[in-house]
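Here's the letter readout for the chains.
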Amino acid sequence: MSAASSAPERSLEQLNAPWLAAVCLGEKEQYLPHDCLRVEGCRFFHLILSGRIAMQCLNAAGREWTMFEAGPLCLVNELPAVSQVNNHVSYRCLEQVQSVRFEYSLLSDPEFYREYPELVLNLMATIRRKLFFFSDYASDAVEGFALERICRLLVRMTDGRAGTFCSGQGQKELAVQAGLHPSSVSRIIRQLRERNIVGAFTRRRLEILQPEELAMLAGLRGKGSPQCHTGVADEEESLSPPRP
């Protein structure tokens, strides 16, 4: 599941409407599109009043990944505020946003819990809901890393070129190099075949049909970049040169 396709499925609105009763305990703020909410790690959390934000982090390849989107009457950064563990994410505004910014200390104040017991229950329900998103993200991140890893190895094996090669290794050997289960490699190769990026792949025959697409999936080239050598030969891992 890609970040682009998953964002609409990971969208929250109106989940924290009861928190309107506590607006007086925070500070109202305005943000422009592309701004990031001020959270300072674990120090602040926000109630979105209007507009939408995307919770983003860096994946294993160092690229931004949207974990979920939040709209009006949704809390963000409440889990780090509760746990005091910085999750190193950013909350990027997709449009003009108005929010109420709360101090993390509010969530450790006994008076707050006594005055707003319904908000405590709402907060627990919110955290439980978001844990499902984090679980999905972890699964997607692992799957995305595996795909990128296999594509990167295939680019190295063929020096980023189209054509038919005799690599001298099959999918089992590729799985060992990638540190993945053979069934995972088989699934990824099947996906690449379905997308017409890779053709046959046996110990004697490896067909690369779309090297540009393969390089893009490997994180070695952006979409629309001019054709160029991938430069992967100088990286840490090395493979025997392909024999056309």
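Residues numbered from 1 in each chain as written. Predicted model: local features only at pLDDT ≥ 70, side-chain atom pairs only at ≥ 80, totals over all residues. Heavy atoms only, no water.

Focus: the environment of P211
Which entries qualify depends on this criterion: Numbered from the N terminus, helices here are DSSP runs of H or I no shorter than four residues, and strands are runs of E no shorter than two. Contacts are assigned to residue pairs that have any heavy atoms within 4.5 Å of one another.
Relative to the assigned elements, P211 resides in helix α7 (residues 211-217). Sequence-distant contacts of P211, that is, excluding residues within four places in its chain, are made with G160, R161 and A162.

A look at the sheet that holds strand β5 (residues 64-70)
Note on sheets: strands pair through backbone hydrogen bonds, and any given pair is parallel or antiparallel. What counts is decided by this rule: Following DSSP output, two strands are said to pair if at least two bridges run between them.
Spatially, four strands are ordered β1-β5-β4-β7 in an open sheet, and the strand pairing comes out mixed. Two strands in the sheet have a free side with no partner beyond their single neighbour: β1 (11-12) and β7 (90-93). Pairing geometry for strand β4 (residues 53-58) and β5, over six bridges, is antiparallel. Bridge pairing links M55 to F68 in β5.

Topic: the packing of helix α5 (residues 171-178) against helix α6 (residues 182-194)
Short version of the rule: All axes here are fitted lines through C-alpha atoms, helices being fitted over the stretch that makes contact, and every angle between N-to-C directions spans 0 to 180 degrees. Our angle categories are set so that under 35 degrees counts as roughly parallel, over 145 as roughly antiparallel, 65 to 115 as roughly perpendicular, and the remainder as oblique. Left-handed is the label given to a crossing in which the near helix is rotated counterclockwise from the far helix by less than a right angle, and right-handed is the label when the rotation is clockwise.
For the pair α5 and α6, the least separation of the axes is 9 Å and the interaxial angle reads 110°. Classified by the angle between their axes, α5 and α6 sit roughly perpendicular to one another. Judged by the twist between their axes, the crossing of α5 over α6 is right-handed. Residues Q171, L174 and A175 of α5 form the contact with α6, whose own contacting residues are P182, V185, S186, I189 and R193.

Considering the side chain of R152
What counts is decided by this rule: Polar contacts, as counted here, are pairs of nitrogen or oxygen atoms within 3.5 Å of one another; within protein the pair requires one atom able to donate a hydrogen and one able to accept it, and residues that are adjacent in sequence qualify only if both atoms are side-chain atoms.
In this fold, R152 is placed in helix α4 (residues 117-158). At 3.0 Å, the side chain of R152 forms a polar contact with the backbone oxygen of A218.

Focus on the packing of aromatic side chains
Short version of the rule: In this scheme Phe, Tyr and Trp rings, the latter by its six-membered ring, pair at centre separations within 6.5 Å, and the angle between planes marks the pair as stacked below 30 degrees, edge-to-face above 60, and tilted otherwise. Only protein chains enter the calculation, and the probe is 1.4 Å; a residue is then buried if its accessible area is under 20% of its type maximum, exposed if over 50%, and partly exposed in between.
Considering all chains together, one arrives at six aromatic pairs under this definition. With 5.8 Å between their ring centres and 65° between their planes, W19 and F102 make a pair best called edge-to-face. Here the residue W19 occupies a position in the loop between β1 and β2 (27-31), and F102 occupies one in strand β8 (residues 97-103), the gap between them amounting to 83 residues. Seen in terms of ring centroids, F45 and F102 are 5.1 Å apart; in terms of plane orientation they differ by 25°. Their pairing is stacked. Of the two residues, F45 sits in strand β3 (residues 44-50) while F102 sits in strand β8, which places them 57 residues apart along the sequence. Residue F45 is classed as buried on the basis of its relative accessible area, which comes to 0%. Ring pairs connect the aromatic residues W19, F45, F102, F112, Y113 and Y116, which therefore count as one cluster.

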